[in-house]
Amino acid sequence: MGTVKRDAVHPSAGRDWGLIAAMTVSAHPIAFLFGLALIGVSGFVGDWGLLAPPVAWTVFGLVGAAVSRHQLPGRAIRPANEPELAALVQAVAEQMGFRVPLLVRVIPVPDAGLIATKVAGVRVFVLVLGWPLLRGLTAAQLAAVVAHELAHELHLGDRRTSRLLAARESLVESMDNGVQVPAAVAGKLLRATQKRSWEFETAADASSADVAGSTAVRGALEQSGLIMAAFEILGERWASALADDGSYPQDLYDALDAAMGDAYAGRLVAAAAQAADDADELDPYGISSHPPRATRVAAIPERPEGGWDSREPVPMRDGEAVDRWCVHELVGPEDPSDELRPVRVLDCAPERFDVPVGEANAALVEATGCDSVPAAMAAILEAIADGSWVQLARAIDPDIRSAPPALRAALGRDALVGCLGRAVSGRLLDAGWHRSSRWMTSALVNPDGEDVDVRVLIEQALDSADPLTLRELLALGDPRTMA
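Worth saying up front: this structure is predicted, and the values here are computed from it rather than measured.

S.K.: Would you explain unusual backbone geometry in this entry?
M.R.: Comment: phi is negative for the bulk of residues other than glycine, and the bulk of peptide bonds are trans. One non-glycine residue, Ala 120, adopts positive backbone phi at about 55 degrees. Among the secondary structure elements, Ala 120 is positioned in the loop between strand E3 (112-119) and strand E4 (122-130). Take Ala 120: its relative accessible area is 82%, and that puts it in the exposed class. Positive phi is not limited to glycine here, since Ala 465 has a value of about 55 degrees. Mapped onto the secondary structure, Ala 465 falls in the loop between helix H19 (454-464) and helix H20 (468-477). Classification of Ala 465 by relative accessible area gives partly exposed; the value is 37%.

Listed below in structure tokens is the structure:
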């Protein structure tokens, strides 16, 4: 099994505890400042009883947090119901020497983790597995995921390291709060601890390869990234669109499988997964606890296959019930009295989930300052030719200006490709073209029966600074739109 060199990842205890304290304070700046002020006031007036209420609040908060930790996520998977999954988890645990009792629970999102808890006074671990991963990974890849999670516990056995990574995670989560420490301060602390976090990830990958084989680990990393991207850019859009009508996607996971099997949607999902990897590469504040996927894949040691099926997922005998539970858990209304109607995504008209073309047209007109959509498109094409499209992209999505500098170019490109792609596709559809993918409006069939991917053409125009093909495309769609 891959092991962690204690000398490499455990520097001085003093530095570790100092970082833990600094990150904890930075994650809760208001509470810290309030506490200091109250201590000062109590000392000044000589009445330490003033500290009693906040101490009580703190105790209640800690008790509440402890209770919530015991409210385990997901749905329990019993070995008698899913013997193949239970056998895989048990075999991985035995190979790794993981001797603490393991329970398995499934959650509706593509994630995995290991939670320590107690059952009837006995210390156990709960292995949490996302239903999209159980459906979308082969048995060998799933074994790699299980081994990775168990390796974390084997590697993170000492209290100091656990506290350090927990404080780091708390600081990362606090950066989305309304009140937070300056990003430069948080970034300095996160960068100081990121290497430690990354070393534990690559060590867990190495242990996973020892058990499941290098090919399975690489496949799990790549496929899980695609599954996550599809879930975020397609699944969440379907759920949101249907929720507006008081319904929910009954066949959410089947529809995601179908979309990932579509060549055009698969390309979009792959691009989104790559964009997420690129964001990790450019991470200016050291937020990511995981190395970029390419870095992880390159660091995996070569190991033989582990003996699990490398072609098919683990059979799930109660899969239909789990599927139904996951969908309801994911989209269930907050108010039990609000009943959502089941709707099958695969039975819906594709247009039901399209982003309205009018929004894209309006964004182009506003960004360019033109008085019509054709004029705005002409201005965008000129900007592509002279390189000034970056400013227009930031006008389309003003949030880009507040993003970290290292990410602005990629975000601007995505904003322009997405907005212009919807506008151009909408114009071509109005001119009589047809879609070649139910999942994407940018994949079209021209009057000659040829497939055209509008997004790809826009990306090529940006790379070459030559919008000629786009001009010709618009002219084919409607000769009156461009000169």
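Next comes the rest of the description.
S.K.: So what exactly am I meant to see when it comes to the pairing of strand E2 (residues 102-107) here?
M.R.: Both faces of the sheet carry side chains from a regular strand, because those side chains alternate between them. Across three bridges, strand E1 (residues 75-77) lies against E2 in antiparallel orientation. Across the sheet, Ala 76 pairs through a bridge with Arg 105, a residue of E2. By the bridge criterion, six bridges tie E2 to E4 in an arrangement that is parallel. Each residue of the ladder has a partner; that of Arg 105, found in E4, is Val 128.

S.K.: I tried to follow the sheet that holds strand E8 (residues 443-445) on my own but got confused; where do I start?
M.R.: Across a sheet, strands are paired by hydrogen bonds formed along the backbone, either parallel or antiparallel in direction. Taken in spatial order, the three strands of this open sheet run E7-E8-E9, and their pairing is antiparallel. Sheet topology places strand E7 (434-435) and strand E9 (451-453) at the edges, where each strand pairs with a single neighbour.

S.K.: How should I be thinking about the packing of helix H17 (residues 389-396) against helix H18 (residues 405-430) in this particular structure?
M.R.: Relative orientation and spacing of two packed helices are given, respectively, by the angle between their axes and the distance between those axes. One can describe the packing of H17 onto H18 by two numbers: an axis separation of 8 Å at closest approach and a directional angle of 75 degrees. On the basis of the axis angle, H17 is roughly perpendicular to H18. Contact residues: Trp 389, Ala 393, Arg 394 and Ile 396 in H17; Arg 408, Gly 412, Arg 413, Ala 415, Leu 416 and Cys 419 in H18. Looking at the contact of H17 with H18 residue by residue, the class counts come to six nonpolar, one polar and three charged.

S.K.: Looking at this model, I keep getting lost on H18. Mind explaining?
M.R.: A rise of 1.5 Å per residue sets the reference length of H18, with its 26 residues, at 38 Å; its end C-alpha atoms lie 38 Å apart and thus fit the reference within 8%. Looking one or two places after H18, you find Gly 432, whose phi comes out positive at around 105 degrees.

S.K.: Sorry if this is basic, but what is going on with the packing of aromatic side chains here?
M.R.: Within the structure shown, the criterion is met by three aromatic pairs. Centre to centre, the rings of Phe 98 and Phe 125 are 5.5 Å apart; their planes meet at 70 degrees, and the pair counts as edge-to-face. Taken as a pair, Phe 98 in the loop between helix H5 (83-96) and E2 and Phe 125 in strand E4 lie far apart in primary sequence, 27 residues in all. For the pair shown, Phe 98 and Phe 125 are each scored as buried.

Reading guide: rules and limits
- Residues numbered from 1 in each chain as written.
- Predicted model: local features only at pLDDT ≥ 70, side-chain atom pairs only at ≥ 80, totals over all residues.
- Heavy atoms only, no water.
- Helix = DSSP H or I, 4+ residues; strand = E, 2+ residues; numbered from the N terminus.
- Buried < 20%, exposed > 50% of the residue type's maximum accessible area, 1.4 Å probe, protein only.
- Pairing = 2+ DSSP bridges.
- Axes fitted to C-alpha atoms, helices over the stretch in contact; angles between N-to-C directions.
- Parallel < 35°, antiparallel > 145°, perpendicular 65-115°, else oblique.
- Contact = heavy atoms within 4.5 Å.
- Nonpolar A, V, L, I, M, F, W, Y, C, P; charged D, E, K, R; others polar.
- Expected span 1.5 Å × (residues − 1).
- Phe/Tyr/Trp six-rings, centres within 6.5 Å; stacked < 30°, edge-to-face > 60°.

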